[in-house]
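Next come the chains, spelled out residue by residue.
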Protein chains: 2
Amino acid sequence: MTVEAYMARLAGMVERELDGVLPAGWDVPARLREAMMYSLKAGGKRVRPVLVLAAAEAVRGDGSASEAAMPAACAVELVHTYSLIHDDLPAMDNDDFRRGKPTNHRVFGEAMAILAGDALLTHAFHLIAEAALSGRLSADAALAITADLARLAGASGMVGGQAADILGEQGVTTLEELRYIHLHKTADLIVFSLTAGGRAAGASAGQIEALAEFGRRLGLAFQIRDDMLDVIGDERRLGKKTGSDERSRKVTWPYLAGLEASRDEVERLTREAKEMLREAGLRKPDLLIGIADYLMRRDR
Amino acid sequence: MTVEAYMARLAGMVERELDGVLPAGWDVPARLREAMMYSLKAGGKRVRPVLVLAAAEAVRGDGSASEAAMPAACAVELVHTYSLIHDDLPAMDNDDFRRGKPTNHRVFGEAMAILAGDALLTHAFHLIAEAALSGRLSADAALAITADLARLAGASGMVGGQAADILGEQGVTTLEELRYIHLHKTADLIVFSLTAGGRAAGASAGQIEALAEFGRRLGLAFQIRDDMLDVIGDERRLGKKTGSDERSRKVTWPYLAGLEASRDEVERLTREAKEMLREAGLRKPDLLIGIADYLMRRDR
């Protein structure tokens, strides 16, 4: 199986699960439910949930932990989606379109977009706790996954990275500052995805640490690659206009270090990430390593 | 000990715990930390965390479960605080002042206020999971408390109530619709507080159900009393202007049912709530019942 086909298979599993992520019996105002599902089902590559499932499979050697890992896979996609809705708000990046569709607040209004984001974030934690209460996931794994998600998505994680980005606007002048922003705004949810998959599959503490280090490098490389694509990407492949970072005067890795050094950094990080994973004693690390290679070479 | 002194003692315990609620070692951007603590330490009666601790004591008969209940007590105050920050935003209620102080977005800007709210909500879940991982709270209780919080604060709970409120603005014409909004926007977090305290203290399933029913009535009565105080309250006692609901054309219980019927409803709900609690077989329900009486007679 090619890496692309493998990722597509996992993404398909996630897609089906997301359709029923809000319990049908829950008494949710129809417009709020609609706003939540609008952004959740707006497409996207499902990179984070795919990494959750792939990490579980790398640890276990087969798909036997997918059932246990799926709630964390959906949870990270809910958190990612909420962060996009809030980032797009007029008070933040003020974006009208995402993935070719009007942003949440353009369709549902600002108030409903804020609430839809709040509700998606809150529901992510329900999925994990409920998985443990229904016996799908062990209590120990669920608690560790919950603590990880709150730390890596919160004030010292993704939200912290977003805050640093806003506070530093135009004022970021060093790679060190930009590394902080990229690590937290982007890499932390990637780290969560990998360790959550590992925990659901019963990985050892050493394996969890290796998955986290893999994720830190992969996440940073992923964001630098993203910065690069905004400069060198093909608009038809990307499905969006390039040059948006330059137009919005966003400080990026290529802006500070140059394109050549950015390419080298992505390669160095990817190489290191793959080495760490190979030494972690996982039963079947190959597809996860293949995903790392794929993400670093992607053109969209 | 009077009910007021008891509540003040519990609120003092919560206040001290909130000071250290964000781990000192966490790498949080200073301005984000400041924005979070600004609203968290802005005063307020700490009704919800006091109810968590009081419920634990009612079940156990003494304060021996306070240590286990404290993380949920802080968590509900974080969630309540985040909801106030987001509710005050220009896109929502557009309020400039709360408890006599400029609202979060007036001090830190809209973007930082949104992020501070997101981070407070996220951190609430960290407190509960961490309490279990450190052995302060049992795994079973922590998972049930997490699932409850996500359900009662999320799309089918507090956020759902807030969405219904926004969607219904000026369009709410029946007590049935207003009851939905009050139950979810206000009562759900009160229900969470009581059941979380009960779970931390090892209450039986029947006791949890009784605490939830007590909370539903208490929360609804609390909000109707709040509506009434906006009409009949003393501005000096309240520390804020009355008549704000009328000025903003907010549909309230007194507006729909009249003051007299509102007073009757508060009394009926409080009476029912107290009866349920007395029949729940709690070791020491008296102080919790005293709090219900106190909240219903409060003039601020």
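Higher on the page you've got the structure.
These remarks concern the structure in this document. (Residues numbered from 1 in each chain as written. Chains lettered and ligands numbered in written order. Predicted model: local features only at pLDDT ≥ 70, side-chain atom pairs only at ≥ 80, totals over all residues. Heavy atoms only, no water.)

**A few points about empty space enclosed by the protein**
- A full pass over the atoms with the stated rule returns three cavities of 30 Å³ or more.
- The computed volume of the largest cavity comes to approximately 150 Å³.
- If you go around the largest cavity, you meet 16 residues; those closest to its centre are Ser39(B), Ala42(B), Asp88(B), Arg98(B) and Arg99(B).
- Ranked by residues supplied to the lining of the largest cavity, first place goes to helix α4 (residues 66-88) of chain B with six residues.
- Of the residues in the lining of the largest cavity, the class split is five nonpolar, five polar and six charged.
- Put simply, the second largest cavity is a space of about 130 Å³.
- Taken together, 13 residues make up the lining of the second largest cavity; nearest its centre are Ser39(A), Ala42(A), Asp88(A), Arg98(A) and Asn104(A). (1 Å grid on protein atoms, 1.4 Å probe; cavity = no way out; pocket = protein on both sides within 12 Å on 5 of 7 lines; lining within 4 Å. Points joined across faces, edges and corners; volume = space filled by probe spheres on them. Helix = DSSP H or I, 4+ residues; strand = E, 2+ residues; numbered from the N terminus. Nonpolar A, V, L, I, M, F, W, Y, C, P; charged D, E, K, R; others polar.)

**Considerations on the nonpolar core**
- Core analysis: the biggest nonpolar cluster contains 223 residues, and Leu32(A), Leu149(A), Leu288(A), Leu32(B), Leu149(B) and Leu288(B) have the highest contact counts within it.
- Leaving out residues up to four positions away in the same chain, Leu288(B) has contacts with Leu51(B), Ala54(B), Ala55(B), Ala58(B), Leu194(B), Leu211(B), Phe214(B) and Leu277(B). (Core = buried A, V, L, I, M, F, W, Y, C linked by side-chain atoms within 4.5 Å. Buried < 20%, exposed > 50% of the residue type's maximum accessible area, 1.4 Å probe, protein only. Contact = heavy atoms within 4.5 Å.)

**Things to note about helix α15 (residues 286-297) of chain A**
Residue and element names in this part refer to chain A.
- For α15, with 12 residues, the first-to-last C-alpha span of 17 Å sits near the 16 Å given by 1.5 Å per residue.
- With nine of 12 residues buried, α15 lies mostly within the body of the structure.
- Taken together, the buried positions of α15 are occupied by Leu287, Leu288, Ile289, Gly290, Ile291, Ala292, Asp293, Leu295 and Met296.
- Among the structural elements, α1 (3-19), α3 (47-60), α9 (175-200), α10 (205-232) and α14 (259-278) are those in contact with the buried residues of α15. (Expected span 1.5 Å × (residues − 1).)

**Observations concerning the packing of aromatic side chains**
- Under the definition given, this model contains three aromatic pairs over all chains.
- Residues Phe125(A) and Phe125(B) carry aromatic rings whose centres are separated by 4.2 Å and whose planes lie at 5° to one another, so their mutual orientation is stacked. A residue pair is termed interchain when its members come from two chains, as with Phe125(A) in helix α6 (residues 110-133) and Phe125(B) in helix α6 (residues 110-133). For the pair Phe125(A) and Phe125(B), one class covers both residues: buried.
- Ring geometry for Tyr38(B) and Phe108(B): centres 5.4 Å apart, planes at 70°, overall edge-to-face. Separated by 70 residues along the polypeptide, Tyr38(B) in helix α2 (residues 30-40) and Phe108(B) in helix α5 (residues 104-108) bring together distant segments of the chain. (Phe/Tyr/Trp six-rings, centres within 6.5 Å; stacked < 30°, edge-to-face > 60°.)

**A few points about the relation of the copies chain B and chain A**
- Turning chain B through 180° and shifting it by 0.0 Å along the axis lays it on chain A, with an RMSD of 0.0 Å. The relationship between the two copies is best expressed as a two-fold rotation axis.
- Comparing interface residues between copies, 100% of those in chain B also lie at the interface in chain A; the contact surface is shared. (Least-squares fit on C-alpha atoms with pLDDT ≥ 70 in both.)

**Overview of unusual backbone geometry**
- The backbone of Arg99(A) shows a phi angle near 50°, a positive value even though the residue is not glycine.
- You can see Arg99(A) is positioned in the loop between β1 (97-98) and β2 (101-102).
- Here Arg99(A) falls in the partly exposed class, since its relative accessible area comes to 39%.
- Backbone geometry at Asn94(B) places phi at a positive 55°, although glycine is not the residue there.

**Structural notes on the interface of chain B and chain A**
- Between chain B and chain A, the residue contacts involve 48 residues of the former and 48 residues of the latter.
- There are zero salt bridges connecting chain B and chain A.
- Across the contact surface, chain B and chain A share four residue pairs in polar contact (both at pLDDT 80 or more).
- Those elements that place two or more of their residues in the side of chain B that touches chain A are α2, α4, α6, α7 (139-153) and α8 (158-167) of chain B.
- For the side of chain B that touches chain A, the element with the most residues is α6(B), which contributes 14 residues.
- Residue composition of the side of chain B that touches chain A, by class: 35 nonpolar, eight polar and five charged. (Salt bridge = Lys/Arg side-chain N within 4 Å of Asp/Glu carboxyl O. Polar contact = N/O pair within 3.5 Å; in protein donor to acceptor, adjacent residues only side chain to side chain.)

What is shown is where atoms sit, not what they do.
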